[in-house]
Amino acid sequence: MLPTPCVAPYTWQQPDSSISSTDTLPVPQGDREPIPEHDTHRGGRRNLLGFGSRTSEAIPVEHGCDYETKYGPDEEYKEMGPNARIWLTYLDESRIFDTQKCEEWQDGLGVLIVFASLFTMVVSIFCSQSFKYLRPDTNLMISALITEMVQINRAIADGTPIENVPRADITTFTPMQPDVWVIGMWYTSHALSLSVAVFAMLAKQWIRHYMILPSGDARQRARTRHFRYMALQKWRVPEIIDFLPVLMHVAFTLFCVGLIVFLFTLHKGMAIVVTSVFAALFVVCSVMVLLPVFKPACPYKTPLAFHAFDALHFWRGKSSPKTNDPSIRTFSASTSTDVVQDKLDA
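Residues numbered from 1 in each chain as written. Predicted model: local features only at pLDDT ≥ 70, side-chain atom pairs only at ≥ 80, totals over all residues. Heavy atoms only, no water.

## Topic: the environment of M201
Here comes step 1: Within the secondary structure, M201 is located in helix α5 (residues 177-211).
Here comes step 2: Among the residues examined, M201 registers a relative accessible area of 44% and is labelled partly exposed.
Here comes step 3: Considered as a pair, M201 and L112 are 89 residues apart in the sequence and their alpha carbons are 9.7 Å apart. (Helix = DSSP H or I, 4+ residues; strand = E, 2+ residues; numbered from the N terminus. Buried < 20%, exposed > 50% of the residue type's maximum accessible area, 1.4 Å probe, protein only.)

## Some points on the side chain of S130
Here comes step 1: Along the polypeptide, S130 turns up in helix α3 (residues 85-130).
Here comes step 2: Not counting the four nearest positions on each side in its chain, S130 is found in contact with I183 and W186. (Contact = heavy atoms within 4.5 Å.)

## Here we look at the packing of helix α7 (residues 237-266) against helix α8 (residues 268-294)
Here comes step 1: Where α7 meets α8, the closest approach of the two axes is 7 Å, and the angle between their N-to-C directions is 160°. Comparing the axis directions of α7 and α8 gives the class roughly antiparallel. Relative to α8, α7 is oriented so that their crossing is left-handed. Across from F252, C256, L259, I260, L263, F264 and L266 in α7, the residues of α8 making contact are K268, M270, A271, I272, V274, T275, F278 and L281.
Here comes step 2: Looking at the contact of α7 with α8, its residues break down into 13 nonpolar, one polar and one charged. (Axes fitted to C-alpha atoms, helices over the stretch in contact; angles between N-to-C directions. Parallel < 35°, antiparallel > 145°, perpendicular 65-115°, else oblique. Left-handed = near helix turned anticlockwise from the far one by under 90°. Nonpolar A, V, L, I, M, F, W, Y, C, P; charged D, E, K, R; others polar.)

## A few points about unusual backbone geometry
Here comes step 1: Even without being a glycine, Y77 presents a positive backbone phi close to 70°.
Here comes step 2: In this structure Y77 comes out as exposed when scored by relative accessible area, which is 72%.
Here comes step 3: Even without glycine at this site, R236 takes up a positive phi of about 60°.
Here comes step 4: The topology assignment puts R236 in the loop between α6 (218-234) and α7.

## Things to note about the side chain of D98
Here comes step 1: The residue D98 is located in helix α3 in this model.
Here comes step 2: Of the polar contacts made by the side chain of D98, one reaches the side chain of R225; its length is 2.8 Å.
Here comes step 3: If sequence neighbours within four positions are ignored, D98 has contacts with E103, Y210, M211 and R225. (Polar contact = N/O pair within 3.5 Å; in protein donor to acceptor, adjacent residues only side chain to side chain.)

## Observations concerning the nonpolar core
Here comes step 1: By size, the foremost hydrophobic cluster in this structure holds 33 residues, and its most contacted members are L109, W186, I241 and M248.
Here comes step 2: If you list the elements that add at least two residues to this core, you get α3, α5, α6, α7 and α8.
Here comes step 3: When residues of this core are assigned to their parent elements, the largest contribution, eleven residues, is made by α7.
Here comes step 4: Listed in part, the five residues of the second largest apolar core include A84, W87, L91 and A222. (Core = buried A, V, L, I, M, F, W, Y, C linked by side-chain atoms within 4.5 Å.)

## Section: the packing of aromatic side chains
Here comes step 1: A full pass over the atoms with the stated rule returns ten aromatic pairs.
Here comes step 2: Ring plane angle 65° and centroid distance 5.2 Å describe the contact between F126 and W186, whose orientation is recorded as edge-to-face. Within this pair, whereas F126 is found in helix α3, its partner W186 is found in helix α5, the two being separated by 60 residues in sequence.
Here comes step 3: A residue is classified by how much of its surface remains accessible, and W186, at 1% relative accessible area, is buried.
Here comes step 4: Ring centres of W186 and F255 lie 6.2 Å apart, and the angle between their planes is 35°; this geometry places the pair in the tilted category. (Phe/Tyr/Trp six-rings, centres within 6.5 Å; stacked < 30°, edge-to-face > 60°.)

## Some points on the confidence of the model for the chain
Here comes step 1: Summary statistics for the chain give a mean pLDDT of 77 and a share of 73% for residues scoring 70 or more.
Here comes step 2: When the criterion is pLDDT under 50, residues 1-64 qualifies, and its contacts beyond four places in sequence or with other chains add up to 71 contacts.
Here comes step 3: A low-confidence stretch, residues 320-346 stays under pLDDT 50, and its non-local contacts, those more than four residues away or across chains, total 18 contacts. (pLDDT = per-residue confidence, 0-100.)

## Section: the pattern of salt bridges
Any two side chains of opposite charge can pair, on the condition that their charged atoms come close.
Here comes step 1: In total, this model carries six salt bridges according to the counting rule given.
Here comes step 2: With a closest N to O distance of 3.0 Å, R95 and D92 form a salt bridge. Taken together, the positions of R95 and D92, both in helix α3 and three residues apart, correspond to about one turn of that helix.
Here comes step 3: Taking relative accessible area as the criterion, R95 reaches 25% and is therefore assigned partly exposed.
Here comes step 4: With a relative accessible area of 6%, D92 lands in the buried category.
Here comes step 5: E239 is paired through a salt bridge with R236; the nearest N and O atoms lie 3.7 Å apart.
Here comes step 6: One connected set of salt bridges, linked through shared partners, spans K70, D92 and R95. (Salt bridge = Lys/Arg side-chain N within 4 Å of Asp/Glu carboxyl O.)

## Things to note about the environment of D179
Here comes step 1: Within the secondary structure layout, D179 lies in helix α5.
Here comes step 2: Under the relative-accessibility criterion, D179 is labelled buried at 12%.
Here comes step 3: Taking C-alpha positions, D179 is 6.7 Å from Y133, a pair spaced 46 residues apart along the chain.

## Digging into helix α4 (residues 138-158)
Here comes step 1: Across its 21 residues, α4 extends 30 Å between first and last C-alpha, which sits within 8% of the 30 Å expected from 1.5 Å per residue.
Here comes step 2: G159 lies just past α4 and shows a positive phi near 80°. (Expected span 1.5 Å × (residues − 1).)

## Points about a nonpolar patch on the surface
Here comes step 1: A cluster of nonpolar side chains, F282, V283, V284, V287, M288, L291 and Y300, forms an exposed patch at the surface whose accessible area comes to about 620 Å².
Here comes step 2: Position of V283 relative to the elements: it lies in helix α8.
Here comes step 3: For V283, a relative accessible area of 48% puts it in the partly exposed group. (Patch = residues over 30% accessible without salt bridge, like charges linked within 9 Å, V, L, I, M, F, W, Y side chains within 5 Å. Areas by Shrake-Rupley, 256 points an atom, 1.4 Å probe, with all protein chains shown as cover.)

Encoded structure:
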């Protein structure tokens, strides 16, 4: 059973007539630690640009939720007991974090499974109609044999030797190279889309197991949750979930390229039109992926944008001059962060 929401107690007091409406009342700050102005590490840059941290280990406590009032003080020398306040607080905070993150994963995986299933059905139609280009055509073989029989009958009627009639070539078959490339890309796209659907289904089961905690006291449940969370990070489950849309994009690209090559073997004009449509789609998608990297206010943030952001900063780190002075590196990072912050404030 989930704990009831924490509501801060409120007691009505008679307003002091000595305080005018223009006076400024002090705002209690409590024991909160000061928030750093700029975070120069990798996670700080991601949060500053609006990407967020996909591997953060905690979230802030909800404003107005006083756990000291909610659960009351622990008995003396039992501050780390089975049902101590620290474990109950940890379970509440982890429940908020896990619910938000896992709902985001579940929604994304659900959409991915539906799209991968529909895309696999479409590619299956093309694969089922294209495999015949990799094996001999029986209609062509029958036509060649009939042509040979007609030539033999004509040779008999003319009195020419039958040995002079050329034999039908039905023993050797070599598929055309464009057909091999097209069918190879389509079958690879089909395999990738099926793999995405399977791994998305497995990931949903992983998340479901992660969210269900066993029964027991608060300390045991908190330790179990932390053990599962550390295993989730160690075995790269968030990275696997984020990589599935990338595989889906690769599968879609292979299908489009194969379709363009196939159309060029049939009709050049039609192939040019379809190529123009796919090229425009590719340009628009590329711009939408890269815009959040250079424009922090852009809402077009996807897993591909995360990877593009990481790749850009990795390349900048490799291309920048190396120095052993940590103060120079800190100054450079803070300077770039200040520039982005000015853009966000503008």
